[in-house]
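One-letter residues, chain by chain:
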Amino acid sequence: MSLDITDAVESDFRIFSTQIDTTEWKALISHMLPDQGCIEVQRDVAGKEHAWHRHTTDETLVILEGNVRFYWDQGEKICGPGTVITLPAGTLHGSVALDGGATYLIAFHQVDLPKNG
């Protein structure tokens, strides 16, 4: 079963298929950084899977390049550049990098980013 963006908005987390500007990495990274701490830059080769898991903190992901199949207990969505995924702590989820792999940013807190989708 797959959910579209309107279904996801009513769920415990959000997937926004927005085209935020991912070309200005410095500004995006600066915006995503917490007052103290770090964010992660993740690169996955095609087929790399992060199987079902959950985190004890909130999580915000921004897809920079490539595509991932993001899945959760109620469905899945193909996410490409500019997609913002916001997950509250404890959300069960996973992902698989598609052809060509994917690069994305991960902040282990909620980040206020523009959402146009």
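Since the structure is predicted, the reported quantities are computational estimates derived from the model, not experimental observations. (Residues numbered from 1 in each chain as written. Predicted model: local features only at pLDDT ≥ 70, side-chain atom pairs only at ≥ 80, totals over all residues. Heavy atoms only, no water.)

Draft legend 1. Summary view of the overall build of the protein. Counting secondary structure elements, the protein contains 2 helices and 7 strands. Listed by position from the N terminus, the elements making up the protein come as α-β-α-β-β-β-β-β-β. Expressed as a percentage of the 117 residues in the protein, the buried residues total 42%. Look at the contacts in the protein between residues 6 or more apart in sequence, and 77% of them connect residues 24 or more apart. (Helix = DSSP H or I, 4+ residues; strand = E, 2+ residues; numbered from the N terminus. Buried < 20%, exposed > 50% of the residue type's maximum accessible area, 1.4 Å probe, protein only. Contact = heavy atoms within 4.5 Å.)

Draft legend 2. Highlighting the packing of aromatic side chains. Under the defined criterion, the tally for this structure stands at 2 aromatic pairs. Ring geometry for W52 against Y71: centres 4.8 Å apart, planes inclined by 75°, an arrangement best described as edge-to-face. Highlighted residues: W52 in strand 3 (residues 49-53) and Y71 in strand 4 (residues 59-72), separated in sequence by 19 residues. Overall, W52 belongs to the partly exposed group, its relative accessible area being 46%. With centroids separated by 6.1 Å and ring planes inclined at 35°, the aromatic side chains of F70 and W72 adopt a geometry described as tilted. (Phe/Tyr/Trp six-rings, centres within 6.5 Å; stacked < 30°, edge-to-face > 60°.)

Draft legend 3. Structural context of the side chain of T22. Mapped onto the elements, T22 comes out in the loop between strand 1 (14-16) and helix 2 (25-32). Apart from the residues lying within four places of it in its own chain, the contact partners of T22 are L28, V62, I63, L64 and G82.

Draft legend 4. Spatial organisation of the environment of E49. Assignment of secondary structure puts E49 in strand 3. Judged by its relative accessible area of 39%, E49 is partly exposed. Linking E49 and S95, residues 46 residues apart in sequence, is a C-alpha distance of 5.7 Å. Setting aside chain neighbours within four positions, we find E49 in contact with Y71, S95 and V96. A distance of 2.5 Å separates a polar atom in the side chain of E49 from a polar atom in the side chain of Y71. (Polar contact = N/O pair within 3.5 Å; in protein donor to acceptor, adjacent residues only side chain to side chain.)

Draft legend 5. Structural context of the pattern of salt bridges. Applying the stated criterion to the full structure yields 1 salt bridge. Close ionic contact of R69 with E76 constitutes a salt bridge, the shortest N to O distance being 3.2 Å. With relative accessibility at 25%, the residue R69 sits in the partly exposed group. (Salt bridge = Lys/Arg side-chain N within 4 Å of Asp/Glu carboxyl O.)

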